[in-house]
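Residue strings, one per chain:
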Amino acid sequence: MKVIAFYSYKGGSGRTVVTANLVPLLVKELGATKENPILVIDMDMDSAGLTHVFKQYHRFEESNWVTSNLLKKDIGNEILLGHKDTKKIFFNKDDTQKLSADIIEKLKDTGLKDNSLKLLSEIELRESIIEGFKKKIHEDINLLRIKLNDAKTKDEMIEFIEKNLPAFGMVEIPPEILGKDIPRGSVRFIGSKQVSKDSIIEGDGIGKLEDLYLHCERENYSAMIIDSASGRQPSANIVHNISTDKVIIYCLRLSEQFREGTNLQLEYFINSEKGVEGITDIIILPVAIPKSDYKDETLRKFKENALHYLRSKFNELFKKAENKEKQVNILNDFIENGIPEVESFKWHERILYNIKDLQEDENKALEVFKQLAKKIKDVTIGIIKQITENN
């Protein structure tokens, strides 16, 4: 199974938007399906950006099943019950019960239709979902009644429950968000909510993420995709030091602070005394590259110098990694042609694959996203081949 992480030296690089835009393309490239899904994890715990972009924050805001808790607690089978069928999350026969008579009666008093009451009385739910029902009844019983009355079948009732009650495990990111031809159930997501940066224990977190990796590998997941925190936050260190083969995409802008900071972070990673187990391929990805048709000579020089810096510095780092005998490969395929600046992203971060009519700059960005997805696939195939040869 592939581990694909998106990282940046500091916030503001566009890392989360890149992650979101790559998810549907990696589903296509890696052939993910409902039976062999991709797991996406939002590990940026002080901003929960990807959880917002995927429109899932309302589900994780009141949930205990978030990344910050996941990295502190034992990984049980409970969080993986939905690996082949989302409904199994709500229908684990070992730990389910029907709604109590008093809840049904309370809903009946609000004007819930007989058919909806009948459907609800037949469905078995996990205890945590029932707690979600109670909370929803208390907070917004009218909205709950309207939505439940709209459901004509058990499946429709389940779909409403999935989308509106607090998450207690992986949730499914539907094709409506990713792209209409993305197989339903092919993308599972563990979201985050905004917590303090020191809310996890680094050493414990590495072990728990590795536990989750092993669970997913056993369940035939296609890949684990991580939107990392930035800098040297504990969750960012976990991503770098997890003892699996991985591809890390370093997102950066071309400004001086990003170039210098990214260079220092890579040096720190390569020179760290911690052993890096497995193969780590690092793809350098400039993001939001301004248009190149500068008439001003000074601006042209700025861009030329920035690209020259990236080429020379990261070639030096590649040689350092070789000398350290760490299995770290630094790839500069996208230094010249990174993600072009997209005007609409300044106002609305969108998943371009799911948009019908794109502007010229959006089309250009989507083409680079597609090239990057293919590169990531090729790199992961290379990792698997190298492991096979070594064994």
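Source: prediction; values computed, not measured.

**Student:** Looking at this structure, I do not really get the overall build of the chain. What am I missing?
**Tutor:** Secondary structure assignment for the chain yields 15 helices and ten strands. Counting every position in the chain, which comprises 391 residues, the buried fraction comes to 53%. A separation of at least 24 residues holds for 82% of the contacts in the chain among residues at least 6 apart in sequence. Total accessible area computed for the chain in this model is approximately 18,200 Å², and 46% of it derives from carbon and sulfur atoms.

**Student:** How should I be thinking about the sheet that holds strand 10 (residues 328-331) in this particular structure?
**Tutor:** For sheets, the rule is that strands pair by backbone hydrogen bonds, running either parallel or antiparallel. Spatial ordering of the open sheet is given by 5-6-2-7-1-8-9-10, a layout of eight strands whose pairing is mixed. The outermost strands of the open sheet, each flanked by one partner alone, are strand 5 (171-172) and strand 10. When strand 2 (residues 38-42) meets strand 6 (residues 187-190), the two strands line up parallel, connected through four bridges. Looking across to strand 6, one finds that V40 is bridged to F189. Taken strand by strand, helix 12 (residues 234-241) contacts strand 1 (2-8), strand 7 (223-227) and strand 8 (246-252), and its axis lies near 135 degrees from that of strand 8. Packing against the sheet, helix 13 (residues 256-271) makes contact with strand 1, strand 8, strand 9 (280-286) and strand 10, and its axis sits at approximately 155 degrees to strand 8.

**Student:** Explain the side chain of S222 here, please?
**Tutor:** Its location among the elements puts S222 in the loop between helix 11 (202-218) and strand 7. Each residue touching S222, except ones within four places of it in the same chain, is listed here: M1, K2, L30, A32, N36, P37 and I38.

**Student:** Honestly, the confidence of the model for the chain in this entry has me stumped. Any pointers?
**Tutor:** The predicted coordinates ought not to be read in detail in places where the model reports low pLDDT. Of all residues in the chain, 79% have pLDDT values of 70 or greater, and the mean over the chain is 81. For the chain, per-element mean pLDDT is lowest for helix 5 (residues 87-90), which scores 39, and highest for helix 1 (residues 15-30), which scores 97. Below pLDDT 50 for its whole length, residues 76-94 participates in 54 contacts with residues either more than four positions away or in separate chains.

**Student:** Would you mind going over the packing of helix 6 (residues 101-109) against helix 7 (residues 114-122) with me for this structure?
**Tutor:** Two quantities define a packed helix pair, namely the angle between the axes and the distance from one axis to the other. Two elements in contact, helix 6 and helix 7, have axes whose closest approach is 11 Å; the angle formed by their N-to-C orientations is 165 degrees. Put simply, helix 6 runs roughly antiparallel to helix 7. Crossing geometry of helix 6 relative to helix 7 is assigned as right-handed. Mapping the contact onto sequence places I104, L107 and K108 in helix 6 and L117, L120 and S121 in helix 7. Residue classes in the contact of helix 6 with helix 7 are distributed as four nonpolar, one polar and one charged.

**Student:** Could you clarify how one ought to interpret helix 7 in this entry?
**Tutor:** At 3.6 residues per turn, the α-helix brings residues three or four places apart onto the same side. Within the span of helix 7, buried status applies to S116, L117, L119 and L120. Summarising the axial view, the buried residues of helix 7 lie within an arc of 160 degrees, below the 170-degree limit, and thus occupy one face.

**Student:** Where do I start with the pairing of strand 8 in this structure?
**Tutor:** Sheet faces and side chains relate simply in a regular strand, where the side chains alternate between the two faces. The buried fraction of strand 8 amounts to seven of the seven residues, a majority that puts the element mostly inside the structure. In strand 8, alternate side chains face the same way, and those of K246, I248, Y250 and L252 on one face and V247, I249 and C251 on the other are all buried. Of the pairings in the sheet, the one linking strand 1 to strand 8 comprises six bridges and is parallel in character. Residue pairing in the sheet places A5 in a bridge with I248 of strand 8. One ladder, built from seven bridges, connects strand 8 with strand 9; its direction is parallel. Each bridged residue has a counterpart across the sheet, and for I248 the counterpart in strand 9 is I282.

Cut-off values and rules
Residues numbered from 1 in each chain as written. Predicted model: local features only at pLDDT ≥ 70, side-chain atom pairs only at ≥ 80, totals over all residues. Heavy atoms only, no water. Helix = DSSP H or I, 4+ residues; strand = E, 2+ residues; numbered from the N terminus. Buried < 20%, exposed > 50% of the residue type's maximum accessible area, 1.4 Å probe, protein only. Contact = heavy atoms within 4.5 Å. Areas by Shrake-Rupley, 256 points an atom, 1.4 Å probe, with all protein chains shown as cover. Pairing = 2+ DSSP bridges. Axes fitted to C-alpha atoms, helices over the stretch in contact; angles between N-to-C directions. pLDDT = per-residue confidence, 0-100. Parallel < 35°, antiparallel > 145°, perpendicular 65-115°, else oblique. Left-handed = near helix turned anticlockwise from the far one by under 90°. Nonpolar A, V, L, I, M, F, W, Y, C, P; charged D, E, K, R; others polar. Arc of directions from axis to C-beta.

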